[in-house]
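Take a look at the letters that make up each chain.
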Amino acid sequence: MAAPPPAPPADMDELLARAHGLAGRPLAEVAAGLGLATPADTRREKGWIGQLLETALGASAGSAALPDFPRLGVELKTLPVDARGRPRESTYVCTVPLQGAGFDWAASWVRRKLQCVLWFPVQSETGLALGERRLGMPLLWRPDAQEEALLRRDWEELMDLVCAGRLDEISARHGEVLQIRPKAADSRALTDTVSGEGTTVRTLPRGFYLRASFTRRIIERHYVVATAGAPRD
DNA sequence: AGCTGATCATAT
DNA sequence: ATATGATCAGCT
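What counts as what
- Per chain, residue numbering runs from 1 following the sequence as it is written.
- Here the convention is simple: chains get letters from A, ligands get numbers from 1, in the order in which they are written.
- Since the coordinates come from a predicted model, pLDDT governs what is reported: local features require at least 70, and pairs of side-chain atoms require 80 or more to be given and counted, while whole-chain, interface and lining totals use all residues.
- Hydrogen atoms and water are omitted, and side-chain values are computed over all heavy atoms in the structure.
- Definition of nearness: a residue and a molecule or strand are near each other if at least one heavy atom of the residue lies within 4 Å of the molecule or strand.
- Identification of polar contacts relies on pairs of N or O atoms within 3.5 Å, with a donor-acceptor requirement for protein atoms, meaning one able to donate a hydrogen and the other able to accept it, and with residues adjacent in sequence counted only if both atoms are side-chain atoms.
- For two strands to be treated as a pair, DSSP must find at least two bridges joining them.
- Counting from the N terminus, the helices are the DSSP runs of H or I reaching at least four residues and the strands are the DSSP runs of E reaching at least two.
- Comment: axis = line fitted to C-alpha atoms, over the contacting stretch for helices; angle = value between 0 and 180 degrees taken between N-to-C directions.
- By definition, residues are in contact when any of their heavy atoms lie within 4.5 Å.
- For salt bridges, the criterion is a side-chain nitrogen of Lys or Arg within 4 Å of an Asp or Glu carboxyl oxygen.
- Lys, Arg, Asp and Glu make up the charged group, whereas Ala, Val, Leu, Ile, Met, Phe, Trp, Tyr, Cys and Pro make up the nonpolar group; the residues left over, Gly among them, are polar.
- Between rings of Phe, Tyr and Trp, where Trp is taken as its six-membered ring, a pair exists when centres lie within 6.5 Å; planes separated by under 30 degrees are stacked, by over 60 edge-to-face, and by other angles tilted.
- The cut-offs for exposure are 20% and 50% of the maximum accessible area for each residue type, with area from a 1.4 Å probe on protein chains only; residues under the lower value are buried, those over the upper are exposed, and the others partly exposed.
- Look at NZ for Lys and CZ for Arg. If either is within 6 Å of the ring centre and within 35 degrees of the ring normal, a charge sits over the ring.

A. Layout of the protein's contact with DNA strand C. The environment of DNA strand C is made up of 26 residues, and the closest members are Glu-54, Asp-68, Lys-183, Thr-191 and Tyr-209. If you look at DNA strand C and keep only atoms within 4 Å of the protein, 67% of those are sugar or phosphate atoms. Glu-75 places a polar side-chain atom, nitrogen or oxygen, 3.1 Å from a phosphate oxygen of DNA strand C. Here a base nitrogen of DNA strand C and a side-chain polar atom of Tyr-209 are 2.7 Å apart.

B. Spotlight on the sheet that holds strand S1 (residues 75-81). An order of S1-S3-S4 is seen for the three strands of this open sheet, with the pairing classed as mixed. Two strands lie at the open edges of the sheet, namely S1 and strand S4 (139-141), each paired on one side alone. On average, adjacent strands in this sheet sit at an angle of 30 degrees to one another, irrespective of strand direction. Examined bridge by bridge, S1 and strand S3 (residues 117-123) share seven bridges and lie parallel to one another. Note on S3: the bridge partner recorded for Leu-79 is Pro-121. Together, S3 and S4 form the strand contacts of helix H1 (residues 12-22), whose direction differs from that of S3 by roughly 5 degrees.

C. Representation of the pattern of salt bridges. Enumeration over the complete set of coordinates arrives at 12 salt bridges. In this structure, Arg-18 and Glu-14 form a salt bridge, with 2.8 Å as the shortest nitrogen-oxygen distance. Highlighted residues: Arg-18 and Glu-14, both in helix H1, separated by four residues, approximately one helical turn. Here Arg-166 ties to Glu-169 by a salt bridge, and the two come within 2.9 Å at their closest N and O atoms.

D. Main features of the protein's contact with DNA strand B. Of all residues adjacent to DNA strand B, which total 17 residues, the nearest are Arg-44, Lys-46, Ala-172, Ser-187 and Arg-211. Side-chain polar atom of Lys-46 to a base oxygen of DNA strand B: 2.5 Å apart, as the coordinates give it. One of the backbone nitrogen or oxygen atoms of Ala-184 is found 3.4 Å away from a base oxygen of DNA strand B. Of the residues assigned to the surface near DNA strand B, the class counts are five nonpolar, four polar and eight charged.

E. Expanded view of the packing of aromatic side chains. For the structure shown, the criterion picks out four aromatic pairs. For the pair Trp-119 and Trp-141, a centre-to-centre distance of 5.9 Å together with 50 degrees between the ring planes defines the contact as tilted. In this pair, Trp-119 is assigned in strand S3 and Trp-141 in strand S4, connecting sequence segments 22 residues apart. Look at Trp-119 and you get buried, because its relative accessible area is 1%. By the ring-pair criterion, three or more aromatic residues cluster together here, those being Trp-119, Trp-141 and Phe-214. Its end group placed over the ring of Tyr-209, Arg-181 keeps NZ or CZ at 4.1 Å from the ring centre. It is Lys-183 that lies over the ring of Tyr-92; its NZ or CZ is 4.3 Å from the centre.

Structural data, given as structure tokens:
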């Protein structure tokens, strides 16, 4: 039966306890517990799983530019995984700032967004009904020195091009772990940016994304530490 | 099969 | 149009 949506967790322990309590459960069960219907698929509701988990964990809803758990400084990210537990998709991080501004990794949105992430793997094999997909074991992650160095290198390389007005030269092929791809309603959406000549021009909005190969490394490396077991291959 | 470019929903 | 949440679908 439907219970009222939980209030925000008071502290990290409470958040992790709730998250661990959801591990292994099918999405339809989680949704039903909150009085929510499960759609047939995510084709027209791509963010449904993420929003379901926000509700289940007591994240502050809405579209405010804040972490999901502002008090705890934790960002929640669902991670669609295949039968082997490997990420099937890249992970959206944030919008690419296209209006000049600072060139400073330490103050960047990417770094802030990724400072502390609660990864929540979700079974995502095609053919497995949405409601029957089960949640995996959540992982609280902070980038280690090596991971941050990789992110920083890509970010600085990409933002160098953006700041030089060379956005049109960037494709999703740039960046070892962090890439820039369109992030818009469709290919006609436009926003302002600054050209190489310094004039304002219209362009497609872009977002930063983590490559699936990078999130795979994250969960494999850090689960090993967390469980003291070997990853399956 | 993996990756890139395009797209879907909702709230402000 | 911006933010939030992402996955779709076609090409290599």
